[in-house]
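So you can see what is in the structure, the chains are spelled out below.
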Amino acid sequence: MKAVTCTNAKLEVIDQPTPTPAKGQLLIDVLRCGICGSDLHARNHCDELAEVMAETGYPDFMRSDQSVVFGHEFCGEVLDHGPGTRKAPRAGTPVVALPLLRRGNEVHALGLSTAAPGAYAEQLVVEQSLALPVPNGLPIEQAALTEPMAVGWHAVQRGDVKKGQVAIVIGCGPIGLAVILMLKAHGVRTVIASDYSAGRRALATRCGADVVVDPAQDSPYDKAKGHGHLETAPDALGLAVTTVEKLHKLRLPWWHVWRAADAVGAATPKHPVVFECVGVPGVIEDIITGAPLFSRVVVVGVCMGADRLRPSMAINKEIDLRFVLGYTPMEFRDTLHMLADGKVDVTPLITGTVGLNGVENAFDALGDPEAHAKILINPKSDAETPSAQA
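The structure presented is a predicted model; accordingly, all values stated were derived computationally and were not measured. (Residues numbered from 1 in each chain as written. Predicted model: local features only at pLDDT ≥ 70, side-chain atom pairs only at ≥ 80, totals over all residues. Heavy atoms only, no water.)

Asks: Looking at this structure, how should I read the pairing of strand S3 (residues 25-34)?
Replies: With ten of ten residues buried, S3 lies mostly within the body of the structure. Direction of pairing for S3 relative to strand S9 (residues 123-127): antiparallel, over a ladder of five bridges. Note on S9: the bridge partner recorded for Leu27 is Val125. With seven bridges connecting them, S3 and strand S5 (residues 74-81) associate as antiparallel partners. (Buried < 20%, exposed > 50% of the residue type's maximum accessible area, 1.4 Å probe, protein only. Helix = DSSP H or I, 4+ residues; strand = E, 2+ residues; numbered from the N terminus. Pairing = 2+ DSSP bridges.)

Asks: Help me understand the environment of Ala365, please; the structure alone is not making it clear to me.
Replies: On the secondary structure map, Ala365 appears in helix H11 (residues 359-365). For Ala365, a relative accessible area of 18% gives the class buried. Here the alpha-carbon distance between Ala365 and Ile375, two residues ten residues apart in the chain, equals 9.0 Å. With residues near it in sequence (within four places) discarded, Ala365 still touches His372, Ile375 and Pro386. (Contact = heavy atoms within 4.5 Å.)

Asks: How should the sheet that holds strand S11 (residues 166-170) be read in this particular structure?
Replies: By definition, the strands of a sheet pair up through backbone hydrogen bonds, in either a parallel or an antiparallel sense. Here six strands make up an open sheet; going across it, the order is S13-S12-S11-S14-S15-S16 and the pairing parallel. The strands lining the two open edges of the sheet, one partner per strand, are strand S13 (211-213) and strand S16 (320-323). Adjacent strand axes in the sheet meet at a mean angle of 20° when their direction is disregarded. Summarising the sheet, S11 and strand S12 (residues 190-194) pair through five bridges and their orientation is parallel. Paired with Ile168 across the bridge in S12 is Ile192. Helix-sheet contacts for helix H4 (residues 174-185) involve S11, S12 and strand S14 (273-276), and the interaxial angle to S11 is about 165°. (Axes fitted to C-alpha atoms, helices over the stretch in contact; angles between N-to-C directions.)

Asks: Mind showing me how you'd approach the environment of Ile170 here?
Replies: Here Ile170 shows up in strand S11. On the basis of relative accessibility, which here comes to 12%, the residue Ile170 falls in the buried class. Expressed as a C-alpha distance, the spacing of Ile170 and Val283, which sit 113 residues apart in the sequence, is 8.8 Å. Leave out the neighbours within four places in its chain, and Ile170 touches Ser194, Pro220, Tyr221, Val274, Phe275, Glu276, Cys277, Val278, Val283 and Ile287.

Following this line, the structure appears as C-alpha cells:
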C-alpha cells in the first residue's frame, strides 16, 4: 500500500506492506484523513515534543530521524478483523476511531509514533474497542473531523462555560473554530472571536461567533464590556466593601447571607472564559494582561517552545489558568453524534482535499491562513493541490 512518511521533516510517498490487525483490532480502508496542526508542528518540532513526552513517562513519541506515518483524525471503512476478534463492526461499515493503538502491553499515539502508523495511508489498523460506526449517514468528510471537534468539545467542557457567560476565543485556526462551534452547540449566547486573518475571521462568523475582532484594530476584551466584568483591582476592592455595607443594612449577620449566596454561585464575580487557541509564545501573557479580573483561561493551543509570563499579574487578577489535552472516550463518542445529529456543522472548516501525492503541497498551503482551514487527504485521489472536490 501507499503511505506518506515524515523523516527529518521530509514528506515522501512510499510503498510499504499493508498492516496486519492483531486480536482485538480492525484493518480499515482510509476514506479521509485530516491534516492536523499537531502534524504541522511535529514535522519540524517533534524532538522538543518527544523530550516533554519522555518526561511525562511516554518514551515512544516520534523523533525527527525516524520514519513516521502521520494521521490521527480520520474516517475509514472496515476491511478485516484481527484473529479471534468478533466480526463487529461488519466489513464495509464506515467508522471513526480514537487514535490509540495497543502493541503488547503498551498503548501508543496513533500517527505520532513509529509503533502506531497513522492514516496518511491507504490502510490503517485501529482498536476495535475504540472504533465507532458512523451514524445517520453522516458524510465521511464530516465524520473525519470527529477527532479535532472532540478536542474543541473537551476544551469547552474543561472551561465550564455557562450559557450566560461571555466566551472569548483567541485564534481562529481549525481548533479555535472547533471551540466556537462547540460553544454555540453548548448554547453559549455570546462568543467573541479574535484573529489577525480576515479569512479566519470570516470563518469564525460562519461558525457562529457573535462578535469578530481584528486585534490589530480592537480589543476582544473591550467588546466584552457591559457584561458586569471587573476590569481593575479598585473595582474588585470597591465591590467587596460595597457588598458588605449592603448586607449590614439587612441587620443580619452578613457572613450567613454571603455563605448562602456563595452556595448558589451568586457571590462569584462575573467573568469571561477565554480560550487560547494560538500556541505562540507570549499569547498566554497577553491574555492574562488584557482579560478582566477573575477570568478563566483555557489553553488549547500547543506552544512548542518555552514561554514566559508574570505570575504577579495573574495573581493580582486571580486568573484561573487551565491547560487541556485531547478528550475522553465519552467526549469523542458524543462529538460524533453531535455531528451526525446536525447539532454541529463542520462544513465551513473543510477548505480543500488532496491525494497522498499532494500532502506536501497541502502542508505548504496551510501556512496561508487566508486560504485554508482544514485540508483532508483522500488516499484514492490524484489531486496534488488542495481543491474543493477530490
